[in-house]
Every structure is written in C-alpha cells, then in structure tokens.
Amino acid sequence: RACADYFRMHNRFPTKLPKYPDPALIRTLHDTIMADYNKFLSKERKIQEQELAKNYIELKKDLEKLNFENSNFTVFAPNDVQELNTEGMVLHHCVGSYIRRVCTKGTRIYFLRKKNDVNSPYFTVEVDYSNTIRQCHTYCNKTINKVEEYNDLLSFLQEWCSSKNLKMESKDGIM
C-alpha cells in the first residue's frame, strides 16, 4: 500500500525523489514525500475541494449507513471533505489524498474514535465498495496491533463487520 501511495504522490508532485526507488526504502520515501506532497496539494485542493464538497454532501447519506458504535468506540463518515485533510494532518498519514476517490465513489473513509473522545482523531478506516475494510491506521500509519487497545479494537471491528455486512481484508482487518 505504501508503494502504491508513493507512486501516486510521485506522479502528481514534482519531486527530486527517485521515480523507481529501491523497494527496501519505499516506506521511508513514502513518509518523506507525504509531508511535501500535502503542502503542495493544499493550494490545489482549495479549488478542487469546493467542487468535491458538493459531491460529498450528496454521498454522505449513503456513507452514514455504515456508521456504528458500541460502548467503547464509534465509527462514522466524516462530515465534509475538509475533515479528511485535518485527519491526515493530525494523524500524519495520507488520507487527505483520498478525497477525490471518496467523492467519485472509488472508496469510502470512516473515522474510528474512542467513544469518550469522539472529537480526537484516533484511527482512519478505508472501506471499499465491495464492503471490505482495506486499511485501519492511526498516527504515522500505525496499525491496531501497535496500540494497547488491540483486542478491544479488533472486537469492535468484528462487531462492525457483523452488523453492517462488512469483511476484513485480513483476520486483523489489514492491521
């Protein structure tokens, strides 16, 4: 996934990083280009986001059908496309680069929060249109197996999948 993100960002952003990097360096190069890429896109995004924001408002009702919560966690669709940018900046990952794909029904993005702190970014979840959870990442793309609440998070994701007829790409939900 880091490799695909790297090439997508590299092809849109004029950078001095190698076009065909050593595979062993791809994670480091992905993280290096991500910060510069997000700055580069901030100007371009303002214009595009106005158009995409209109599309997102129409999609939001369908996206909300997958909202879910239990006593510990909640998962919900962002209110608008700007929240995707904010999520990416706060958690230091590239979800902001997914805005166009979300607004054109290429994928869906959800915010997973602790129930007692729904306003603080915690995890970001990608669900494709075959109803499969493809990614679930927190700060700097850490996965759920890197946090103390691993068992609770895995249980929550399994509840969500059962409730909304979703699948996980792996037994740990691509964690």
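Residues numbered from 1 in each chain as written. Predicted model: local features only at pLDDT ≥ 70, side-chain atom pairs only at ≥ 80, totals over all residues. Heavy atoms only, no water.

What follows concerns the overall build of the chain. When helices and strands are tallied, the chain shows five helices and six strands. Its helices and strands in sequence order give the chain the pattern α-α-β-β-α-α-β-β-β-α-β, from N to C terminus. Computed over C-alpha atoms, the radius of gyration of the chain comes to 16 Å, within 12% of the 16 Å expected from 2.2 N^0.38 for 175 residues, which places it in the range of a compact globule. If you line up the chain on its principal axes, its C-alpha atoms span 45 × 40 × 30 Å. (Helix = DSSP H or I, 4+ residues; strand = E, 2+ residues; numbered from the N terminus. Rg over C-alpha atoms; globule rule 2.2 N^0.38 Å.)

With that settled, the discussion passes to the pairing of strand β4 (residues 123–127). Within β4, five of the five residues are buried, which leaves the element mostly enclosed by the surrounding structure. Of the two faces of β4, the one holding F123, V125 and V127 and the one holding T124 and E126 are both buried throughout. In this sheet, β4 lies alongside strand β3 (residues 108–114) in antiparallel orientation, the contact comprising five bridges. Note that in β4 the partner of I109 across the bridge is E126. With four bridges connecting them, β4 and strand β5 (residues 132–137) associate as antiparallel partners. (Buried < 20%, exposed > 50% of the residue type's maximum accessible area, 1.4 Å probe, protein only. Pairing = 2+ DSSP bridges.)

A word on the pairing of β5. Within β5, five of the six residues are buried, which leaves the element mostly enclosed by the surrounding structure. Count of turn residues in the β4/β5 antiparallel hairpin: four residues, of which N131 carries a positive phi of about 65 degrees. Sheet topology note: the β5/strand β6 (residues 167–168) ladder contains two bridges and is parallel. Residue pairing in the sheet places I133 in a bridge with M168 of β6. Between the parallel elements β5 and β6, the chain passes through helix α5 (residues 150–164) in a crossover that is right-handed. (Right-handed = clockwise from strand over helix to strand, strands pointing away.)

Inspection of every chain in the model, using the stated rule, returns seven salt bridges. Among the ionic pairs, E64 bridges to K60, the shortest N-O distance being 2.2 Å. For E64, a relative accessible area of 33% gives the class partly exposed. When its relative accessible area of 13% is taken as the criterion, K60 is described as buried. For the salt bridge of R101 with E126, the shortest nitrogen-to-oxygen distance reads 3.2 Å. (Salt bridge = Lys/Arg side-chain N within 4 Å of Asp/Glu carboxyl O.)

Next up on the list: the packing of aromatic side chains. One pair of aromatic rings is described through two measures. These are the centre distance and the angle between the planes. Per the counting criterion, the structure on display carries six aromatic pairs. Ring plane angle 40 degrees and centroid distance 5.6 Å describe the contact between F68 and F156, whose orientation is recorded as tilted. One end of the pair, F68, is in strand β1 (residues 68–69); the other, F156, is in helix α5, and 88 residues separate them in sequence. Classification of F68 as buried rests on a relative accessible area of 14%. For F156, a relative accessible area of 0% translates into the label buried. (Phe/Tyr/Trp six-rings, centres within 6.5 Å; stacked < 30°, edge-to-face > 60°.)

With that out of the way, let us pick up α5. Here α5 contains 15 residues, and its C-alpha end-to-end distance of 21 Å stays within 8% of the 21 Å for a straight helix at 1.5 Å per residue. Buried residues in α5 make contact with β1, β2 (73–76), β3, β4, β5 and β6. Positive phi shows up at N165, right after α5, with a value of about 60 degrees. (Expected span 1.5 Å × (residues − 1). Contact = heavy atoms within 4.5 Å.)

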